[in-house]
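The chain contents come next:
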Amino acid sequence: MPQLHMQQRELTYEGVFVKPAFSLGDSQGELCDLLLDALEAFGCTSADLVIEDGEPAERGVACQVDELDARVTLHGDRIEIYCANFVTGDAAKIAAVLANVWSGLAGLNAGAAPKTHSFQFEADTEIRGASYQELLNRLARAPESLPAGTETAVVYYLPAEPGRAYGESSLVLNRSAGVERGLQVNATLVYEAASMKPAAAISAAQSRLGELLRNLGLEWIED
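Attention in this report is confined to the structure presented alongside it. (Residues numbered from 1 in each chain as written. Predicted model: local features only at pLDDT ≥ 70, side-chain atom pairs only at ≥ 80, totals over all residues. Heavy atoms only, no water.)

**Section: the packing of helix α1 (residues 28-38) against helix α2 (residues 91-108)**
- One can describe the packing of α1 onto α2 by two numbers: an axis separation of 9 Å at closest approach and a directional angle of 150 degrees. Viewed along their axes, α1 and α2 adopt a mutual orientation that is roughly antiparallel. Between α1 and α2 lies a crossing of right-handed hand. Two secondary-structure elements touch here, α1 through E30, L31, L34 and A38 and α2 through N100, V101, G104, L105 and L108.
- When the residues that make up the contact of α1 with α2 are grouped by side-chain class, the tally is six nonpolar, two polar and one charged. (Axes fitted to C-alpha atoms, helices over the stretch in contact; angles between N-to-C directions. Helix = DSSP H or I, 4+ residues; strand = E, 2+ residues; numbered from the N terminus. Parallel < 35°, antiparallel > 145°, perpendicular 65-115°, else oblique. Left-handed = near helix turned anticlockwise from the far one by under 90°. Contact = heavy atoms within 4.5 Å. Nonpolar A, V, L, I, M, F, W, Y, C, P; charged D, E, K, R; others polar.)

See below:
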């Protein structure tokens, strides 16, 4: 079984509200306090806070979390967390952040309840046990009518599975821009919040990604 050795992985989380709560934009002081309370364990201070202006959907309050190499942002219709260098060992910390932030929002605005949890993993990997072309040929061989050496990429659109709390998701396998002859794995995995607690969602998403890759005959290795 070909192995994918992870070299770099980014994580973007988006939690969409059941109902937009744009009034939160008028409560920036409360949002700042909420973030500092939720991120207290990571030593965040007021110096880490940023007020984001713009159209209603883009206004918000953000906090930089150096320990996680992450940025947590609260908008009037969603929560965003971006981790520039996500490692599995940080999953429990991200889960705690999600639990704390969602809990705090519930106390500010009843409409700021989660509708979906979405996790986008973007990973550049080194392929061992096969070349890029050999790996992709098993999944999507290029037509013989195209020039010799033509390479492919694949995208899978995954249907919603309400019984497993899955929303419509996707998995893309493409040539890596950061690892020579490597593979980029780009997965967007969505969960219905009514059936999945925020703190449990990130672990579920990681497990699901590993399962999807194994189903394609690929082994995910985090060195």
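**Focus on the pattern of salt bridges**
- For the structure shown, the criterion picks out 12 salt bridges.
- Among the salt bridges present, the one from E222 reaches R9, with a minimum N-O distance of 2.7 Å. Of this pair, E222 sits in the segment after β10 (219-221) while R9 sits in strand β1 (residues 3-17); the two residues are 213 residues apart in sequence, bridging distant segments of the chain.
- Notably, a salt bridge pairs E52 with R71, separated by 3.1 Å at the nearest N-O pair. With a gap of 19 residues between them, E52 in strand β2 (residues 49-52) and R71 in strand β4 (residues 70-75) connect regions that are remote in the sequence.
- Judged by relative accessible area, which is 27%, R71 ranks as partly exposed. (Salt bridge = Lys/Arg side-chain N within 4 Å of Asp/Glu carboxyl O. Buried < 20%, exposed > 50% of the residue type's maximum accessible area, 1.4 Å probe, protein only.)

**Things to note about helix α3 (residues 132-139)**
- When we look at burial in α3, the residues that qualify are Y132, L135 and L136. Down the axis, α3 shows its buried residues gathered within 90 degrees of arc, on one side only.
- Against the buried residues of α3 lie β1, β6 (114-128), β7 (154-158), β8 (169-175) and β9 (183-192). (Arc of directions from axis to C-beta.)

**Notes on the nonpolar core**
- Among the nonpolar cores identified, the biggest contains 60 residues, and L39, L105, F119, L173 and L189 are the most heavily contacted of them.
- The biggest single contributor to this core is α2, with eight residues.
- With sequence-adjacent residues up to four places away left out, L189 is seen in contact with H117, S118, F119, F121, L158, S169, S170, A205, R208, L209 and L212. (Core = buried A, V, L, I, M, F, W, Y, C linked by side-chain atoms within 4.5 Å.)

**What to know about the packing of aromatic side chains**
- Summed over all chains, the structure comprises four aromatic pairs.
- Note on Y13 and F119: the rings are 5.1 Å apart at their centroids and 50 degrees apart in plane angle, and the pair reads as tilted. Of the two residues, Y13 sits in strand β1 while F119 sits in strand β6, which places them 106 residues apart along the sequence.
- With a relative accessible area of 1%, Y13 lands in the buried category.
- A relative accessible area of 0% places F119 in the buried class.
- Ring geometry for Y166 and Y191: centres 5.7 Å apart, planes at 80 degrees, overall edge-to-face. Of this pair, Y166 sits in the loop between β7 and β8 while Y191 sits in strand β9, and the two are 25 residues apart along the sequence.
- Its relative accessible area of 10% is what places Y166 among the buried residues.
- Positioned above the aromatic ring of Y132 is the side chain of R175, whose terminal nitrogen or guanidinium carbon lies 6.0 Å from the ring centre. (Phe/Tyr/Trp six-rings, centres within 6.5 Å; stacked < 30°, edge-to-face > 60°. Lys NZ or Arg CZ within 6 Å of the ring centre and 35° of its normal.)

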